[in-house]
Structures are given as structure tokens and as C-alpha cells.
Amino acid sequence: MATEHTCFIAGHAKLPEGMAAKSVFDSLTITAEVDRKHGVILEASCTLATDHGRQYIHDLLKGISLKTDVAEAEALIARQYKGKATNALLAAILDLHRQYETMQEGNDVT
């Protein structure tokens, strides 16, 4: 679905000790294809260890706007994801938001 109207951004956070993904990655990454104008997440992925976990985060974040709904994304993760990576996911979604804001500052999107 990549077009000139979308962008690919990534948010990163440090993983806690004792996680399966920690043996492969030092950090957790959430990547997203985002509508440039409205900030809506069209597709999302993350570096959780299981396919199920990655799909769950994708389903939680798809349709969320990084422009207007970051608090909603945080609330969804905090309320619905119960695992060791909760704080890392929250930090990564905030970093993803920062990356979107930085991209917006550098572009004249109307």
C-alpha cells in the first residue's frame, strides 16, 4: 500500500530483562506505515517474539492516529497487553509519535 501519501516510521524502546525477544533484540521496535496527512496507522508491526503478540499489537494500533489518538494507543496497550513488554511498548509508541511529529515538521503536508 506504500504511496507518496504514506510514510514508514519506527519507534524504539529498551526491552526488560527476562523476555524471549531479549535474546534476539536489545530493543523493542514498533514500525508503522502511516498516512502522512492524518497520521493514521495503516499497518503496524513490532519485534515481540511471537507471531501472536506481533499480530495483537498490529490489531490494537491499526486505525489509530498518531496525530490525535496517541493517548488512546497508550490506554489500549496499558489496558489490554499484559506482559513484560508493556512499558517497552508504551515507550515505543511514544517514540513512534515523536518520529511522526519530526517528519511532519520537515514536510509541508496539507
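Every value quoted in this text rests on a predicted model; they were computed, and no experiment measured them.

Thresholds, definitions, all that
- Residues numbered from 1 in each chain as written.
- Predicted model: local features only at pLDDT ≥ 70, side-chain atom pairs only at ≥ 80, totals over all residues.
- Heavy atoms only, no water.
- Buried < 20%, exposed > 50% of the residue type's maximum accessible area, 1.4 Å probe, protein only.
- Helix = DSSP H or I, 4+ residues; strand = E, 2+ residues; numbered from the N terminus.
- Pairing = 2+ DSSP bridges.
- Expected span 1.5 Å × (residues − 1).
- Contact = heavy atoms within 4.5 Å.

J.: Sorry, what's going on with the pairing of strand 2 (residues 27-35) here?
T.: Most of strand 2 sits inside the fold, with 8 of its 9 residues counted as buried. Note: strand 1 (residues 6-14) against strand 2, 9 bridges, orientation antiparallel. When the sheet's bridge partners are listed, C7 is paired in strand 2 with V34. As defined by bridge partners, strand 2 adjoins strand 3 (residues 41-46) across 5 bridges and the pair is classed as antiparallel. Paired with A32 across the bridge in strand 3 is A44.

J.: Please clarify how helix 3 (residues 86-106) should be interpreted in this entry.
T.: Residues separated by three or four positions in an α-helix point in the same direction, a consequence of the helix having 3.6 residues per turn. For helix 3, spanning 21 residues, the distance from its first C-alpha to its last is 31 Å, which sits close to the expected 30 Å at 1.5 Å a residue. Of the positions making up helix 3, those classed as buried are T86, A88, L89, L90, A92, I93, D95, L96, Y100, M103 and Q104. If you follow the buried residues of helix 3, they end up packed against strand 1, strand 2, strand 3, helix 1 (51-61) and helix 2 (70-80).

Purely geometric stuff here, so don't read any function into it on its own.
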